[in-house]
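Results of the structural survey
This is what each chain is made of:
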Amino acid sequence: MGRMTELPTKGGFSFDLCTRNDMLLKNGLQMPPFRKTGTTIVGLVFQDGVVLGADTRATEGPIVADKNFEKIHFMAPNIYCCGAGTAADTEAVTDMVSSQLQLHRYATGRESRVVTALTLLKSHLFSYQGHVSAALVLGGFDVTGPHLHTVYPHGSTDTLPFATMGSGSLAAMSVFESKYREGLTREEGIELVAEAICAGIFNDLGSGSNVDVCVITEGKTEYLRNYQLPNPRTYISSKGYTFVKGQTEVLSTKITSIQPKVEAVEGGDAMEE
Amino acid sequence: MENKLSGFGLDPTGVERRTFLEEGESSLKQSLYSLSLSLSASLYLACFLLLSLKLGFILLLLSIYKMDLDLSAPHSTGTTIIGVTYNGGVVLGADSRTSTGMYVANRASDKITELTDNVYVCRSGSAADTQVISDYVRYFLHQHTIQLGQPATVKVAANLVRLLSYQNKNMLQAGVIVGGWDKYEGGQIYSVPLGGTILRQPFSIGGSGSSYLYGFFDQAWKEDMTHEEAEQLVVKAASLAMARDGASGGVVRTVTINAEGVTRKFYGGDTLPLWHDELEPTNSLLDLLSSSVPEPMST
């Protein structure tokens with residue numbers, strides 16, 4: 001039976017390999033670990049705008065792959081997004097939507113709105129049915145005021161006055177639930193965010209290292225990278241590390257001499273316009 | 001410009017329900033789908049082709065591969081949703097808990113979403129699926145209202161929800177109650193549960209907490225209630241379900257839709273009645289022992 005309408009060529013994500021992967025897992029294959037952001041990410045709305053916060057540990061299974069990873073991603077000059085989940089997914093999806101927002105700004109001639117970023121993110125994530133493992137806290141200040149949203153990997157969103165995501169979200173949420181109130185000042189907001197992130201850093205194994213904070217208000221954004229460093233390296237050897245010759249066993253030696261000279265040819269082809 | 005007609009998306013036309021043919025299965029099913037939906041297909045296709053270049057709404061027209069899909073999407077609205085008609089309109093009610101497994105992801109969510117000025121929908125099931133369905137239907141209804149030149153009827157809204165739900169039943173986990181008021185039929189409630197049936201009822205309940213309400217409604221429901229009676233019934237029922245269902249909780253939100261318009265109400269924890277063995281809410285047992293405790297958050 002022929003189709004009623006002409007269809008364009010099919011592209012997009014092919015889910016065939018997902019069934020294959022499931023089958024392999026059932027047969028006992030060990031998946032290689034990929035870099036995840038164990039993570040504590042938070043956001044809250046205060047009287048003049050929003051404050052976003054994140055820890056800085058990126059893990060690859062049980063190993064810390066990056067001790068100072070940036071989890072607060074740029075979306076627009078007035079919109080930032082914290083990302084938890086697979087690091088590659090959060091980076092890729094925030095970069096993609098950031099580019100789309102920029103093109104949209106050129107097309108409309110206006111400042112980007114947070115709901116635009118939200119819709120772009122949620123429709124992308126929904127279309128990949130949760131396989132793009134990105135859990136995001138999106139915050140910004142646009143003409144309609146301050147906004148804070150959470151976006152889940154399956155594409156659902158929530159709009160909240162304070163939000164936490166990631167493996168350390170329970171620890172951070174406990175801080176918010178006991179101390180958040182409406183109408184916080186900027187200093188109080190930053191302090192509360194830092195406290196919530198620290199709760200995640202110290203009580204969750206997947207989060208650690210430093211605290212990043214980003215404050216977005218009308219017309220002004222401040223990205224306070226490494227706002228707090230509560231995990232300094234305590235022992236640094238005063239003598240430094242020296243490696244004396246003879247400490248490493250030499251198994252074999254091969255010496256290749258560099259070519260002695262290079263021929264330079266005068267007057268080759270003349271350059272033509 | 002890139003044609004974004006690829007990628008997973010909902011298929012409202014039903015034309016693209018391609019399943020791999022197995023032995024013995026005829027292509028009659030395929031032809032029936034194509035036939036029955038060719039009319040709606042052209043309208044929707046036009047909308048989608050327009051949409052595809054706009055704000056990143058990922059469109060359909062992708063074949064649905066036949067695979068065992070795990071329908072247990074983790075982020076779901078555990079939920080209790082209720083819709084009742086009264087003499088003059090409808091009252092929709094819902095709890096506010098969105099859970100991810102055992103963790104409450106949002107304790108103050110709004111499950112009653114606007115489709116048009118006069119039609120609202122209570123959402124239960126997967127949060128992502130119901131949000132996307134509501135977005136699509138809101139868009140369709142907006143276009144439909146412009147083309148029709150007058151407010152859409154509740155029946156049309158409910159049927160649009162039903163079409164999306166039925167044609168994508170393999171991939172969606174969404175049970176909704178559509179309620180609203182129009183000048184032809186007055187207040188109407190349409191139930192669209194999992195699978196995509198549409199059923200007009202004088203009242204409807206849904207979600208995991210609804211199991212505890214069937215007997216209650218059998219006894220407490222009566223025709224032609226006043227607005228106050230209907231609202232009290234909805235609030236009482238929601239709080240009963242929230243007391244017994246772990247996946248429902250938080251606050252009760254209600255939306256009343258009638259000829260005058262729409263009214264939203266909010267019933268916080270302390271305004272809801274306490275049932276058998278429910279304790280008075282206290283902030284902390286430490287409060288009883290010491291007096292100097294920082295002010296806890298109040299809604």
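None of these values were measured; they are calculated from a predicted model.

**Some words on the UniProt feature "active site" (unreviewed entry) in chain B**
Residue and element names in this part refer to chain B.
- What UniProt calls "active site" (unreviewed entry) maps, in this numbering, to T79.
- One can find T79 in the loop between strand 1 (75-77) and strand 2 (81-86).
- Residues in contact with T79, not counting those within four places in the same chain, are D95, R97, K111, R123, S124, G206, G207, S208, G209, D245, A247 and S248.
- Engagement of the side chain of T79 in a polar contact is seen with the side chain of K111, the distance being 2.9 Å.

**Observations regarding the packing of aromatic side chains**
All names here are of chain B.
- One pass over the full model with this rule turns up 9 aromatic pairs over all chains.
- When the centroid spacing of 6.1 Å and the interplanar angle of 35 degrees are considered together, the rings of Y136 and F140 count as tilted. Placement of both Y136 and F140 in helix 3 (residues 127-148) is noted, with a separation of 4 residues, approximately one turn of the helix. The pair Y136 / F140 is uniform in exposure class, with both members buried.
- Measuring from centroid to centroid gives 4.9 Å for F203 and W221, while their planes differ by 40 degrees, and the two rings are tilted. One end of the pair, F203, is in strand 11 (residues 203-206); the other, W221, is in the loop between helix 5 (214-220) and helix 6 (227-244), and 18 residues separate them in sequence.
- Judged by relative accessible area, which is 16%, W221 ranks as buried.
- Through successive ring pairs, a cluster of aromatic residues spans F203, F216, F217 and W221.

**What to know about the packing of helix 3 of chain B against helix 4 (residues 154-167) of chain B**
All names here are of chain B.
- It is the contact of helix 3 with helix 4, at a shortest axis distance of 10 Å, that shows an interaxial angle of 135 degrees. If you check the angle between helix 3 and helix 4, you find them oblique. Considering how the two elements wind past one another, helix 3 and helix 4 form a crossing that is right-handed. Between helix 3 and helix 4, the residues in contact are I133, Y136, V137, F140, L141 and H144 and V156, A157, L160, V161 and L164, respectively.
- Classifying every residue of the contact of helix 3 with helix 4 gives 10 nonpolar, 1 polar and no charged.

**Section: the sheet that holds strand 12 (residues 252-258) of chain B**
Residue and element names in this part refer to chain B.
- Reading across from one edge, 11-2-3-12-13 is the order of the 5 strands in this open sheet, with antiparallel pairing throughout. Only two strands of the sheet have a single partner each, and these edge strands are strand 11 and strand 13 (261-267). The mean angle between the axes of side-by-side strands here comes to 15 degrees, regardless of whether they run parallel or antiparallel.
- Summarising the sheet, strand 3 (residues 89-94) and strand 12 pair through 6 bridges and their orientation is antiparallel. Residue pairing in the sheet places V91 in a bridge with T256 of strand 12.
- The strands that helix 6 touches are strand 2, strand 3, strand 12 and strand 13; relative to strand 12, the one it contacts most, it runs at about 150 degrees.

**Some remarks on the confidence of the model for chain B**
Residue and element names in this part refer to chain B.
- For chain B, the average pLDDT comes to 80, and 70% of its residues sit at 70 or higher.
- Across residues 16-26 the pLDDT falls below 50, and counting only partners more than four positions away or on other chains, this stretch makes 28 contacts in the model.
- Confidence over residues 46-73 falls short of pLDDT 50; this stretch has 77 contacts with residues more than four positions distant or in other chains.
- Reported confidences for the modelled complex are a pTM of 0.74 and an ipTM of 0.73.

**Focus: helix 2 (residues 87-108) of chain A**
All names here are of chain A.
- With 22 residues, helix 2 extends 31 Å between its outermost C-alpha atoms, agreeing within 8% with the 32 Å of an ideal straight helix rising 1.5 Å per residue.
- Those residues of helix 2 that sit buried are A87, T90, V93, T94, V97, S98, L101 and R105. What you see down the axis of helix 2 is that its buried residues fit within an arc of 140 degrees, all on one side. Along helix 2, the residues that are exposed and aim more than 90 degrees away from the buried face are A88, L103, Y106 and A107.
- Positive phi appears at G109, one or two residues downstream of helix 2, with a value of about 75 degrees.

**Some points on the sheet that holds strand 12 (residues 211-217) of chain A**
All names here are of chain A.
- Pairing within the open sheet is antiparallel, and its 5 strands lie in the order 11-2-3-12-13. Strands with a single pairing partner mark the edges of an open sheet, and in this sheet they are strand 11 (162-165) and strand 13 (220-228). Strand-to-strand twist in this sheet, taken as the mean axis angle between neighbours without regard to direction, amounts to 10 degrees.
- Across the face of the sheet, helix 4 (residues 169-179) comes into contact with strand 2 (41-46) and strand 11 while running at roughly 160 degrees to strand 11.

Calculation rules
Residues numbered from 1 in each chain as written. Chains lettered and ligands numbered in written order. Predicted model: local features only at pLDDT ≥ 70, side-chain atom pairs only at ≥ 80, totals over all residues. Heavy atoms only, no water. UniProt positions renumbered as here; feature names shortened; annotations may be inferred. Helix = DSSP H or I, 4+ residues; strand = E, 2+ residues; numbered from the N terminus. Contact = heavy atoms within 4.5 Å. Polar contact = N/O pair within 3.5 Å; in protein donor to acceptor, adjacent residues only side chain to side chain. Phe/Tyr/Trp six-rings, centres within 6.5 Å; stacked < 30°, edge-to-face > 60°. Buried < 20%, exposed > 50% of the residue type's maximum accessible area, 1.4 Å probe, protein only. Axes fitted to C-alpha atoms, helices over the stretch in contact; angles between N-to-C directions. Parallel < 35°, antiparallel > 145°, perpendicular 65-115°, else oblique. Left-handed = near helix turned anticlockwise from the far one by under 90°. Nonpolar A, V, L, I, M, F, W, Y, C, P; charged D, E, K, R; others polar. Pairing = 2+ DSSP bridges. pLDDT = per-residue confidence, 0-100. Expected span 1.5 Å × (residues − 1). Arc of directions from axis to C-beta.

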